[in-house]
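Here's the letter readout for the chains.
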Amino acid sequence: MGHGLLCHLRPLHPDEHPHSLETGTWSFSDYLRARFSRIYPFFLVGIAACLLAEWLNPRPDQFSWGKVAGYFFMLQGVTGYTEHFAPSWSLTNECLYYLAWPLILTACRFHSARAWWAGIAITFLVTGGLVFWWLAEGKPRGPVNESWTVTVRFLVWLVGVGSMNAGQQ
């Protein structure tokens, strides 16, 4: 979540966002390109640092090339991560949020306040559904066990979106 905070708290220049909801020129592909062009360069440096750390301080019991391959698709929150790249788990969540937000925004006809409230409602419904499922079936092991973190942290992410929108008005 730290990287998202870094990206969202940085003041944005109007030229960085030539397409916007206000002008009706918003594009899903431009949105994703902008998000991933901010994350991926730092992320690749992180992967390189992880591999260097693994080479200098090998942990064969925790290292897997399958996990490293998952990094390139931002799946480390699902496939797992090596000890040297443990903080990267949050980028899986962040990428999911970057995919979910435009879908919610589109469903709410680009009304950002309505989308924000819809995101909060969806988060509570999904988290509540997971809690009831786990009460009935028992808490699962593996990535599904951590799925609640995705929904709960989406609330934190939405607070960032809301504060950005409030600052622009």
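Residues numbered from 1 in each chain as written. Predicted model: local features only at pLDDT ≥ 70, side-chain atom pairs only at ≥ 80, totals over all residues. Heavy atoms only, no water.

On to a nonpolar patch on the surface. A cluster of nonpolar residues, L44, F72, F73, L75 and V78, forms a patch on the protein surface that exposes about 480 Å² of accessible area. One can find F72 in the loop between α3 (65–71) and α4 (76–79). (Patch = residues over 30% accessible without salt bridge, like charges linked within 9 Å, V, L, I, M, F, W, Y side chains within 5 Å. Areas by Shrake-Rupley, 256 points an atom, 1.4 Å probe, with all protein chains shown as cover. Salt bridge = Lys/Arg side-chain N within 4 Å of Asp/Glu carboxyl O. Helix = DSSP H or I, 4+ residues; strand = E, 2+ residues; numbered from the N terminus.)

Attention now moves to the nonpolar core. Membership of the largest hydrophobic core comes to 25 residues, with the highest contact counts inside it found for F43, Y71, W101 and W157. For this core, the elements supplying multiple residues, two or more each, are α2 (28–56), α3, α5 (89–107), α6 (112–137) and α7 (147–168). Sort the elements by how many residues they give to this core and α5 lands first, with seven residues. Setting aside chain neighbours within four positions, we find W101 in contact with Y31, S112, A115, W116, W157, L158 and V161. (Core = buried A, V, L, I, M, F, W, Y, C linked by side-chain atoms within 4.5 Å. Buried < 20%, exposed > 50% of the residue type's maximum accessible area, 1.4 Å probe, protein only. Contact = heavy atoms within 4.5 Å.)

The next thing to look at is unusual backbone geometry. In this structure, R109 is a non-glycine residue whose phi angle is positive, near 55°. With respect to the helices and strands, the residue R109 is situated in the loop between α5 and α6. For R109, a relative accessible area of 72% translates into the label exposed. The phi angle at F110 is positive, at roughly 60°, despite the residue not being glycine.

The next point concerns the side chain of T127. Looking at the element boundaries, T127 is found in helix α6. Given the relative accessible area of 17%, T127 is considered buried. Within the local environment of T127, its side chain forms a polar contact with the side chain of T151, the two groups lying 2.6 Å apart. Not counting the four nearest positions on each side in its chain, T127 is found in contact with T151 and V152. (Polar contact = N/O pair within 3.5 Å; in protein donor to acceptor, adjacent residues only side chain to side chain.)

As a further point, take the packing of α2 against α5. Two numbers describe how α2 lies on α5: the axes approach to 10 Å, and their chain directions differ by 170°. Between α2 and α5, the angle is such that the two are roughly antiparallel. Together, F28, Y31, L32, R35, F36, I39 and F43 of α2 and L91, E94, C95, Y98, L99, W101 and P102 of α5 make up the contact between the two elements. Partitioning the contact of α2 with α5 into residue classes produces 12 nonpolar, no polar and two charged. (Axes fitted to C-alpha atoms, helices over the stretch in contact; angles between N-to-C directions. Parallel < 35°, antiparallel > 145°, perpendicular 65-115°, else oblique. Nonpolar A, V, L, I, M, F, W, Y, C, P; charged D, E, K, R; others polar.)

What follows is about the pattern of salt bridges. It is possible for side chains bearing opposite charge to pair when their charged atoms get close. Applying the stated criterion to the full structure yields one salt bridge. Where R33 meets D30, a salt bridge forms, and the shortest distance between an N and an O atom there is 2.7 Å. Highlighted residues: R33 and D30, both in helix α2, separated by three residues, approximately one helical turn. By relative accessible area, which is 53% here, R33 ends up exposed.

Below, the discussion takes up the environment of W116. Assignment of secondary structure puts W116 in helix α6. With a relative accessible area of 21%, W116 lands in the partly exposed category. In the structure, W116 is positioned 15 residues away from W101 in sequence and 8.7 Å away in space, judged by C-alpha atoms. Residues contacting W116, with those up to four places away along its chain left out, are W101, L158, V159, V161 and G162.

This part covers α6. Since one α-helical turn is 3.6 residues long, residues separated by three or four positions face the same way. Between the first and last C-alpha of α6 there are 36 Å, a value that for 26 residues agrees with the 38 Å anticipated at 1.5 Å per step. Every buried residue of α6 is accounted for by A115, G119, I120, T123, T127, L130 and W134. Backbone geometry just after α6 places G138 at a positive phi near 90°. (Expected span 1.5 Å × (residues − 1).)

When pLDDT is averaged across the protein, the result is 76; 78% of the residues are at 70 or more. Across the protein, the secondary-structure element scoring lowest on mean pLDDT is helix α1 (residues 2–9), at 42, and the one scoring highest is α6, at 86. Note on residues 1–15: pLDDT under 50 across the span, and 20 contacts to partners over four residues away in sequence or across chains. (pLDDT = per-residue confidence, 0-100.)

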